[in-house]
Protein chains: 2
Amino acid sequence: MSQVADGFRSLSDLFASPEVAAEGIEAPRGTVVYEQGSPATDVFFIHHGQVRLYQVAPNGEARLVEILGPGQWFGCAALSDREGHVTQAVAATQTQLSKVTADRLVEYAAQNPAASAQLIKQLAGGIQSAREEAARLVFQDCNQRLVSAMLRFSDSAAATQQGENVVLHLTHEQLAQAVGAARETISLALTEMRHANVVRTGRNRLIFNREALRQLATSPHGSNGKSHEVEQLA
Amino acid sequence: MSQVADGFRSLSDLFASPEVAAEGIEAPRGTVVYEQGSPATDVFFIHHGQVRLYQVAPNGEARLVEILGPGQWFGCAALSDREGHVTQAVAATQTQLSKVTADRLVEYAAQNPAASAQLIKQLAGGIQSAREEAARLVFQDCNQRLVSAMLRFSDSAAATQQGENVVLHLTHEQLAQAVGAARETISLALTEMRHANVVRTGRNRLIFNREALRQLATSPHGSNGKSHEVEQLA
């Protein structure tokens with residue numbers, strides 16, 4: 001679910017099909033598409049813009065789960081037997097969506113084996129991604145998780161390419177919410193990575209070379225930002 | 001995926017169908033059904049016994065992800081576009097399985113809308129469960145996660161009912177692997193819960209009343225095992 005799969009277009013067709021009769025939605029930046037715990041009946045497809053999925057703790061603390069963009073869809077709790085959404089969905093920019101009831105989508109998919117196979121493949125991939133994320137929370141330290149999150153989001157709608165580098169449009173606070181750490185911890189780790197010339201930081205953005213960061217992640221020195229073997233930022 | 005859904009029988013039928021031509025497997029206790037990272041091509045259905053899914057870190061540390069029993073299935077990486085399994089599957093008792101290639105299962109499901117709808121529903125449920133587990137790892141302290149894990153596994157193949165109580169057949173080490181904590185931490189927390197009369201412990205087993213534990217989880221005193229408002233073990 002976190003990446004646009006090859007055959008994704010058939011799902012795009014599914015949402016565009018007149019028989020599915022999706023409802024178009026214009027969501028200005030900041031719109032809560034659905035609240036966590038609200039009845040999960042609809043599935044949403046993104047045409048333009050960016051949607052972020054959060055999990056919110058009883059004390060208000062938030063976890064950034066996914067950053068989604070054009071061609072991706074969300075709201076899969078509606079396809080399960082859960083009654084409420086497990087995440088909160090927020091439009092991070094001006095966003096254009098299609099909304100379909102899960103019942104209608106499943107009904108239509110049942111008559112379209114290719115679409116159904118795509119849905120199955122993407123949902124199965126979603127389980128793998130969510131489990132890998134849980135494993136990172138158990139096995140990896142905060143610095144390793146930070147690098148994992150930066151790599152993961154470098155493919156997302158929050159990233160743009162600038163020459164050989166990725167520009168990731170996230171605040172330290174948002175990164176902290178994705179990593180499951182305090183903002184101060186993330187800021188400190190980014191400062192170390194900046195001193196090691198692996199990351200440049202700007203206003204609400206991080207600039208880095210994906211390959212250099214990947215090497216940092218697999219370096220035997222770990223991801224403490226002090227390895228001298230990594231290729232530095234051009 | 002972690003619970004037997006109402007309409008599950010149609011998936012059981014799917015695996016039993018002569019057209020699917022599942023291969024029967026007898027797995028003695030301790031059999032590794034598949035290794036983490038091994039090619040994900042097959043999906044497995046449990047007729048008898050118990051299978052546990054683990055995630056293993058590069059340093060050998062393990063996380064217990066799921067405990068599955070009769071009527072449940074696993075190996076969903078094979079349905080995704082991942083090439084390798086994200087978990088390791090181990091038969092925890094003498095286990096009887098059916099094995100089907102994912103391709104054949106999806107092909108057959110495509111011709112059986114009810115089975116396909118079931119697959120979609122269960123996979124979507126699996127994403128919710130995995131995300132909720134990740135949220136617990138971020139938001140909950142170790143004691144809260146311990147109670148969550150005990151409640152979750154009280155519905156699993158590792159649990160038996162004994163009057164009003166649940167007997168959970170897990171070692172402290174296995175619980176620690178499910179909670180993502182050190183064994184010593186879990187043993188200490190269980191000792192506190194035992195002193196509070198919420199849990200009894202035996203050889204490789206925990207005995208508790210599910211409702212009392214659920215009250216402990218939602219008690220304003222948290223799950224520090226010291227609340228006096230919880231209903232005690234009969």
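Residues numbered from 1 in each chain as written. Chains lettered and ligands numbered in written order. Predicted model: local features only at pLDDT ≥ 70, side-chain atom pairs only at ≥ 80, totals over all residues.

Draft legend 1. The arrangement of the overall build of chain A in detail. Looking only at helices and strands, one finds seven helices and 12 strands in chain A. When each of the 234 residues of chain A is scored for burial, the buried share is 48%. Taking the contacts inside chain A whose residues are at least 6 apart along the sequence as the reference set, 70% of them involve residues at least 24 apart. (Helix = DSSP H or I, 4+ residues; strand = E, 2+ residues; numbered from the N terminus. Buried ≥ 20, exposed ≤ 12 C-beta atoms within 10 Å, placed from the backbone. Contact = placed C-beta atoms within 7 Å.)

Draft legend 2. The relation of the copies chain B and chain A, seen in detail. Least-squares fitting of chain B to chain A yields an RMSD of 0.0 Å, with the superposition described by an axial translation of 0.0 Å and a rotation of 180 degrees. With respect to symmetry, the two chain copies, as superposed, fit the operation of a two-fold axis. Of all interface residues in chain B, 100% are interface residues in chain A too; the two copies therefore contact each other through one and the same surface. (Least-squares fit on C-alpha atoms with pLDDT ≥ 70 in both.)

Draft legend 3. Looking closely at the interface of chain B and chain A. The interface is formed by 38 residues belonging to chain B together with 38 residues belonging to chain A. Looking at the side of chain B that touches chain A, the elements with two or more residues in it are strand 5 (62-68), helix 2 (102-110) and helix 3 (113-139) of chain B. Element by element, the count of residues in the side of chain B that touches chain A is highest for helix 3 of chain B, at 21 residues. When grouped by side-chain class, the residues that make up the side of chain B that touches chain A number 22 nonpolar, eight polar and eight charged. (Nonpolar A, V, L, I, M, F, W, Y, C, P; charged D, E, K, R; others polar.)

Draft legend 4. Local environment of the environment of serine 148 of chain B. Here serine 148 of chain B is to be found in helix 4 (residues 142-153). A sequence separation of 57 residues divides serine 148 of chain B from alanine 91 of chain B, and the C-alpha atoms of the two residues are 23 Å apart.

Draft legend 5. Quick peek at the domain arrangement of chain A. All names here are of chain A. Split by domain assignment, chain A resolves into domain 1 (6-137) and domain 2 (141-218). The C-alpha-based centres of domain 1 and domain 2 are spaced at 25 Å. On the domain 2 side, the residues contacting the nine residues of domain 1 number 10 residues. Broken down by secondary-structure element, the contributors of at least two residues to the side of domain 1 that touches domain 2 are strand 5 (62-68) and helix 3 (113-139). When residues in the side of domain 1 that touches domain 2 are grouped by element, the largest group, five residues, is from strand 5. A class-by-class count of the residues in the side of domain 1 that touches domain 2 yields five nonpolar, two polar and two charged. (Domains from an automatic or database assignment.)

Draft legend 6. Representation of the sheet that holds strand 12 (residues 205-208) of chain A. Residues and elements named next belong to chain A. Strand order in the open sheet formed by four strands is 9-10-12-11, and the pairing between neighbours is antiparallel. In this open sheet, the two edge strands, each paired with only one partner strand, are strand 9 (159-162) and strand 11 (199-202). Strand-to-strand twist in this sheet, taken as the mean axis angle between neighbours without regard to direction, amounts to 25 degrees. Both strand 10 (residues 165-168) and strand 12 contribute to a ladder of three bridges, which runs antiparallel. Paired with leucine 168 across the two strands is leucine 206, which belongs to strand 12. (Pairing = 2+ DSSP bridges. Axes fitted to C-alpha atoms, helices over the stretch in contact; angles between N-to-C directions.)

Draft legend 7. The packing of helix 5 (residues 172-179) of chain B against helix 6 (residues 183-195) of chain B, seen in detail. Residues and elements named next belong to chain B. Running from amino to carboxyl end, helix 5 crosses helix 6 at an angle of 105 degrees, the nearest separation of the two axes being 8 Å. Classified by the angle their axes make, helix 5 and helix 6 are roughly perpendicular. Listed contacts from helix 6 to His172, Glu173, Leu175, Ala176 and Val179 of helix 5 are Arg183, Ile186, Ser187 and Leu190. Looking at the contact of helix 5 with helix 6, its residues break down into five nonpolar, two polar and two charged. (Parallel < 35°, antiparallel > 145°, perpendicular 65-115°, else oblique.)

Draft legend 8. Representation of the nonpolar core within the structure. Ranked by size, the top nonpolar core spans 150 residues in total, and within it Ile120 and Leu123 of chain A together with Ile120 and Leu123 of chain B carry the most contacts. When neighbours within four sequence positions are excluded, leucine 123 of chain B is seen to be in contact with Ile120, Leu123, Ala124 and Ile127 of chain A together with Cys76 of chain B. (Core = buried A, V, L, I, M, F, W, Y, C linked by C-beta atoms within 7 Å.)

Draft legend 9. Molecular detail of helix 7 (residues 210-218) of chain A. All names here are of chain A. Residues Ala212, Leu213 and Leu216 constitute the buried set of helix 7. Angular distribution of buried residues about the axis of helix 7 spans 100 degrees; they occupy a single face of the element. Exposed residues pointing more than 90 degrees away from the buried face of helix 7 are listed as Glu211 and Thr218. Contact partners of the buried residues in helix 7: helix 4 (142-153) and strand 12. (Arc of directions from axis to C-beta.)

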